[in-house]
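# Examining the three-dimensional arrangement
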Amino acid sequence: MKNIDEQVKKALMDQTSAANQMEPEIWSRLEDELFAEPKPADKKVKKMKKKIIPLFIAAAAGILIAFSFQTETGMALIDRIKEMFVPEKEVVQSIEGMEEETNVQLNEGKDAEYVIYIDEDRYKMIRGEGDKPDVITTKEELPEQYPEVSMTIEQIPGTAPDALASQYEEELKQEFPDLRPIEKVTEPVEGYQLHGIKNGGMEWDDEVVHAYVISNGQEGSFVITERYFLEAAEGHGARFYAMLQEFHIVD
Amino acid sequence: MNHKKSLDKHSFQELYKEHANFAIRSAMVITRNPELAKDAVQETFIRVYRNFSSYDANLPFEPWLYRILVNECNRLLKKEGNMRSYPQPNLENDERLSTSSDGNAADLIEAIQNLEDLYRIPLILKYIKGFSEKEISDILELNQNTVKSRLYKGRQNLRQLLEMTEQEAYLNEKHR
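Attention in this report is confined to the structure presented alongside it.

So, how was this worked out
- Counting restarts for each chain, with residues numbered from 1 along the sequence as it is written.
- Chain letters and ligand numbers both follow the written order, the letters beginning at A and the numbers at 1.
- Whole-chain, interface and lining totals are the exception, using all residues; otherwise, since this is a predicted model, local features are given only for residues with pLDDT of at least 70 and side-chain atom pairs are given and counted only at 80 or more.
- Hydrogens and water molecules were not included; the side-chain quantities draw on all heavy atoms of the structure.
- Residue exposure (1.4 Å probe, protein chains only): buried if accessible area is under 20% of the type maximum, exposed if over 50%, otherwise partly exposed.
- Where helices and strands are cited, they refer to DSSP runs of H or I of at least four residues and of E of at least two residues respectively, numbered from the N terminus.
- Here, any two strands with at least 2 DSSP bridges between them count as paired.
- Angular values range over 0 to 180 degrees, each being the angle between N-to-C directions of two axes fitted as lines to C-alpha atoms, with helices fitted over their stretch in contact.
- Any two residues whose heavy atoms approach within 4.5 Å are treated as being in contact.
- Salt-bridge detection follows one rule: a side-chain nitrogen of Lys or Arg within 4 Å of a carboxyl oxygen of Asp or Glu.

Here the focus is the pairing of strand E8 (residues 191-197) of chain A. Residue and element names in this part refer to chain A. Among the seven residues in E8, six count as buried, and that is most of the element. Alignment of strand E7 (residues 183-185) against E8, held across three bridges, turns out to be antiparallel. Bridge assignment links Glu183 to a residue of E8, and that residue is Gln193. Connecting E7 to the antiparallel partner E8 that follows it, the hairpin turn spans five residues. Across seven bridges, the pairing between E8 and strand E9 (residues 207-215) is antiparallel. Counted as the bridge partner of Leu194 is Ala211 from E9.

The following block contains the structure:
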């Protein structure tokens with residue numbers, strides 16, 4: 001057997017000797033990925049963006065003002081939103097251990113009940129019609145092999161967060177039997193957190209649910225449900241977290 | 001090498017130089033595909049660089065590195081499609097993988113690549129990097145006795161496959 005061990009080891013080492021040539025190539029890719037200075041073109045784009053922002057703000061303010069003349073309620077709500085929130089801002093978020101500057105845009109939830117800042121280069125908000133909740137999902141549809149990536153925001157006016165969290169826990173357990181016990185959290189929003197992974201989280205595409213049940217500021221609740229997959233936890237999961245840090249209920 | 005909690009470019013390059021060669025070799029055999037191996041090693045070192053603060057410096061570094069590497073190889077294989085549908089002859093036909101292949105070496109490679117992953121991956125870790133049973137159990141997050149048994153069965157299967165190949169070659173020669 002010892003002889004076989006030595007022969008196999010030698011055969012594997014001989015057969016993979018191209019590793020020596022691949023080593024510098026991979027290092028070069030790593031250098032580009034991790035240490036490359038931003039190209040001059042990138043800097044130009046960034047500068048241009050800064051100039052564009054005031055124009056965008058002016059345009060957005062114009063649209064908001066035009067809308068605000070339509071109804072009294074609309075006018076009051078929009079005035080409040082205008083006072084509190086800028087239409088676009090730059091946030092720093094930590095994605096896969098790296099700090100990333102991202103421009104995020106103000107989005108108004110269903111019936112102007114809340115606002116949230118969304119990175120519109122990557123995500124879009126589909127406002128729910130009728131009883132349907134608002135859904136934030138990837139701007140480009142993901143290829144078929146990827147599980148769903150979305151964040152659903154729904155207001156349940158008649159049920160307090162503690163009661164709703166327990167109800168929701170039972171509901172999610174049907175789909176995610178290993179759902180973790182409910183946790184109270186203060187970040188990114190203050191309320192109850194539910195978290196579950198399918199199949200024990202062994203594979204890159206195991207589905208993840210991450211939900212919050214929070215107070216709507218009155219008698220009811222908001223339920224925020226993120227769905228993504230294990231490998232996307234540090235990407236989409238972190239971006240949803242950053243978006244929720246900019247989630248505000250409009251009183 | 002002393003692994004600090006955060007890495008500057010120089011320390012990261014040193015770490016890469018120290019570990020890249022065997023990592024690439026292992027990835028080449030695990031994925032059976034040099035291009036995929038490059039991606040897996042690149043992703044592994046990116047993860048090492050970005051998540052170095054989460055590495056517990058009291059534990060040996062290599063099992064941590066290879067745990068990430070094996071996971072990356074499996075992830076990329078799965079992403080590319082079905083692991084089983086990967087063309088096995090890659091390893092023998094790709095010139096980057098066959099600088100010196102006498103018949104016996106090719107048989108050995110074929111035999112090891114024909115093993116189930118259950119046995120193949122522990123054997124690759126053992127033969128290429130010389131990891132101990134304890135280290136392999138850390139990398140694959142398995143019980144040490146399970147690794148011991150898989151290595152034993154893997155080597156038995158390997159020997160059987162080799163004997164069958166030799167017998168076939170003998171019969172072919174005889175009937176010529």
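Alright, that's what it looks like, and here's the rest.
We now examine unusual backbone geometry. The general pattern is negative phi for most residues beyond glycine and trans for most peptide bonds. Going from Glu187 of chain A to Pro188 of chain A, the amide bond is cis rather than trans, its omega being -5°. Structurally, the position occupied by Pro188 of chain A is in the loop between E7 and E8. Positive phi, close to 60°, is recorded for Arg32 of chain B, a residue that is not glycine. Note that Arg32 of chain B resides in the loop between helix H1 (9-31) and helix H2 (34-50). Relative accessible area serves as the criterion here: at 5%, Arg32 of chain B is assigned to the buried category. Unusually for a residue other than glycine, Glu141 of chain B sits at a positive phi of about 55°.

Attention shifts here to the sheet that holds strand E10 (residues 221-229) of chain A. All names here are of chain A. Strand order in this open sheet of seven strands is E4-E5-E6-E10-E9-E8-E7, and the pairing throughout is antiparallel. The open sheet has two edge strands with one neighbour each: strand E4 (123-126) and E7. Averaged over neighbouring strand pairs, the angle between their axes works out to 20° when direction is ignored. Seen against the sheet, helix H6 (residues 233-244) touches E4, strand E5 (134-138), strand E6 (150-156), E9 and E10 and runs at an angle of roughly 160° to E10.

A separate point is the pattern of salt bridges. Going through the model one piece at a time under the given rule, you end up with 19 salt bridges over all chains. A salt bridge links Glu25 of chain A to Arg29 of chain A; the nearest nitrogen and oxygen atoms lie 3.8 Å apart. Here Arg29 of chain A and Glu25 of chain A lie together in helix H2 (residues 19-35), a separation of four residues that amounts to about one turn. The partner of Lys9 of chain B in a salt bridge is Glu31 of chain A, with the nearest N and O atoms 2.6 Å apart. Taken together, the residues Lys9 of chain B in helix H1 and Glu31 of chain A in helix H2 connect one chain to another. When its relative accessible area of 34% is taken as the criterion, Lys9 of chain B is described as partly exposed. Each of Glu25 and Arg29 of chain A together with Glu35, Lys38 and Asp39 of chain B takes part in one network of salt bridges that share partners.

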